[in-house]
Amino acid sequence: MKTILIGAGSDLGVHVDGAKLGPRRLITDLTSFYEKESVIIEQDPSIIKSRSLADKRKNDIEIVKFNKNLYDIELQYLEDGYFPITIGGDSSIAVASILASAKKHENIGLIWFSGRSNYDTLETTPDGNIHNLSLAAVNGYKCQDLRIYHSGNSVLSRNTVIIGASDISPKQRDNLKYSGVTVFTLDDIKTSGIENIINQAFLIASEKTNGVHISFDLSLLAPDVAPGISLLGNNGISAEDAIITVDCILKNIEKVTSFDLLEFNPTYDQNRKTEQIAVNILAKVIMSCDKK
């Protein structure tokens, strides 16, 4: 299968700077030893980014404009038969990559690997960071303003699975309860094991769908394992479980329509620890897709 690396260099979805630099760094690393097609889009440098925690719609107009461009690029490559590997950027860019895949395949499932649930709405957000609304927007759970460029189906909540969330606010818990999304928390992983959780997730996400989109947010990993993200959580999975996670995804690669890697922020990394993890994940996905 033909793969295309799509860099989405935006950190407009979070008040912290730096994630916009991640895609170019990772694509440079990858293309130094893989001959892969790539395209990188980056946020307009003239944008005066809102960072105020009192602004509950931080940079929403600019994010929609960026994502409309990303969506069109993703959809064109999908129509041309490519498997898009999208590299963020903060997780607000996943609204475009996932909905483009949903437009192409009409009915897809979604597995969202993240330390956060990303299920706030404009009514429940405490800080206005749009990356925390991204999954709700993909499911069509309110947040319609963030997906106005998409005329196709939402990704159904019953085929959406979150794996690894630990920082879930009470309001997000309510949103998730009413939406019907399946959530496997970090505690669930510790109790049942990551491999068992992922197997269950693929069963849910692939039931009566035309494939599964994977979004892998590096906040899934413990802060000491992957310090190079904009907003660190308090905990996460180990390096060993991260390897198992990727291997389990790749065992199901025939079901996967598209893949994101999100939230790498090189300005916060330590001794390139997170960069190396991200490169290793992406390299495994590329090699697996080349055999698909």
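The following paragraphs examine the structure supplied in this document. On a predicted model such as this, the values are computed, not experimentally measured, just so you know.

### Comments concerning unusual backbone geometry
Of note, the amide linkage connecting G88 to G89 takes the cis form, showing an omega dihedral of 20 degrees. Take G89: it is sitting in the loop between β3 (83-88) and α3 (94-105). Unlike most non-glycine residues, N59 shows phi in positive territory, near 60 degrees. Assignment of secondary structure puts N59 in the loop between β2 (37-42) and α2 (60-79). Owing to a relative accessible area of 5%, N59 belongs among the buried residues under this scheme.

### Overview of the pattern of salt bridges
All told, the structure shown has 14 salt bridges when counted by the stated rule. Here D145 and R57 are joined by a salt bridge, their closest N and O atoms 2.7 Å apart. Separated by 88 residues along the polypeptide, D145 in the loop between α4 (134-138) and β5 (160-165) and R57 in the loop between β2 and α2 bring together distant segments of the chain. Given a relative accessible area of 39%, D145 falls into the partly exposed group. Members of the salt-bridge network, linked through shared partners, are D11, D17, K49 and R51.

### Here we look at the sheet that holds strand β1 (residues 3-9)
Consider a sheet: its strands pair through backbone hydrogen bonds, and that pairing is either parallel or antiparallel. Taking strand neighbours across the sheet as the criterion, the 8 strands line up as β2-β1-β3-β8-β7-β4-β5-β6 in an open arrangement whose pairing is parallel. Unpaired on one side and paired on the other, β2 and β6 (182-185) mark the two borders of the sheet. If you compare each strand with its neighbour and ignore which way they point, the axes differ by 15 degrees on average. Helix-sheet contacts for helix α7 (residues 194-206) involve β4 (109-113), β5, β6, β7 (212-217) and β8 (256-262), and the interaxial angle to β5 is about 160 degrees.

### Here we look at the side chain of R116
Within the secondary structure layout, R116 lies in the loop between β4 and α4. Lacking a salt bridge, the buried R116 has D217 as its closest oppositely charged neighbour, with an N-O distance of 4.3 Å. Aside from chain neighbours lying at most four places away, what touches R116 is H131, N132, I162, A165, D167, D217, S219, I229, L231 and L232.

### Considering the nonpolar core
One broad rule of soluble globular proteins: the nonpolar side chains tend to lie buried together. In this structure, I163, F216 and F259 are the most contacted members of the largest nonpolar core, which totals 51 residues. Of the residues forming this core, the biggest block, 9 residues, is contributed by helix α9 (residues 273-290). Leave out the neighbours within four places in its chain, and F259 touches F83, P84, I85, T86, H213, I214, F216, I281, L282 and V285. Counting residues in each nonpolar core, the second largest holds 44 residues, with V64, V95, I168 and V181 among its members.

### Brief notes about the packing of helix α8 (residues 239-251) against α9
Relative orientation of the contacting elements α8 and α9 amounts to 20 degrees, with a least axis distance of 10 Å. As summarised for this structure, α8 and α9 are arranged roughly parallel, according to the angle between their axes. The handedness of the crossing between α8 and α9 is right-handed. Across from I243, V246, D247 and L250 in α8, the residues of α9 making contact are I281, K284, V285 and S288. Of the residues in the contact of α8 with α9, the class split is 5 nonpolar, 1 polar and 2 charged.

### A look at the side chain of S215
One can find S215 in strand β7. In this structure S215 comes out as buried when scored by relative accessible area, which is 0%. Reaching out from S215, the side chain makes a polar contact with the side chain of D260 at a distance of 2.6 Å. Those residues in contact with S215, other than ones at most four positions away along the chain, are A94, I98, L110, I111, W112, F113, D260 and L262.

### Focus: the packing of aromatic side chains
A complete count under the given rule lists 5 aromatic pairs for this structure. Seen from their ring centres, Y77 and Y82 are 5.2 Å apart, and the 90 degrees between their planes marks the pair as edge-to-face.

### Quick look at α7
An ideal rise of 1.5 Å per residue puts 18 Å on 13 residues; α7 measures up with 18 Å between its terminal C-alpha atoms. Listed in full, the buried residues belonging to α7 are I194, I197, I198, A201, F202 and A205. End-on view of α7: buried residues confined to an arc of 135 degrees, all on one side of the axis. At the exit of α7 stands K208, carrying a positive phi of roughly 55 degrees.

### Some points on the packing of α2 against α3
Contact pair α2 / α3: the axes reach a minimum separation of 8 Å and the direction vectors enclose 40 degrees. Considering the angle they form, α2 stands oblique to α3. Considering how the two elements wind past one another, α2 and α3 form a crossing that is right-handed. Contact with α2, carried on its side by N67, L70, Y71, E74, L75, L78 and E79, involves V95, A96, S97, L99, A100, S101, K103, K104 and H105 of α3 and no other residues of that element. Of the residues contributing to the contact of α2 with α3, the split by class is 8 nonpolar, 4 polar and 4 charged.

Conventions we followed
Residues numbered from 1 in each chain as written. Predicted model: local features only at pLDDT ≥ 70, side-chain atom pairs only at ≥ 80, totals over all residues. Heavy atoms only, no water. Helix = DSSP H or I, 4+ residues; strand = E, 2+ residues; numbered from the N terminus. Buried < 20%, exposed > 50% of the residue type's maximum accessible area, 1.4 Å probe, protein only. Salt bridge = Lys/Arg side-chain N within 4 Å of Asp/Glu carboxyl O. Pairing = 2+ DSSP bridges. Axes fitted to C-alpha atoms, helices over the stretch in contact; angles between N-to-C directions. Contact = heavy atoms within 4.5 Å. Lys, Arg positive; Asp, Glu negative; His and termini not counted. Core = buried A, V, L, I, M, F, W, Y, C linked by side-chain atoms within 4.5 Å. Parallel < 35°, antiparallel > 145°, perpendicular 65-115°, else oblique. Left-handed = near helix turned anticlockwise from the far one by under 90°. Nonpolar A, V, L, I, M, F, W, Y, C, P; charged D, E, K, R; others polar. Polar contact = N/O pair within 3.5 Å; in protein donor to acceptor, adjacent residues only side chain to side chain. Phe/Tyr/Trp six-rings, centres within 6.5 Å; stacked < 30°, edge-to-face > 60°. Expected span 1.5 Å × (residues − 1). Arc of directions from axis to C-beta.

On their own, these measurements won't tell you what the molecule is for.
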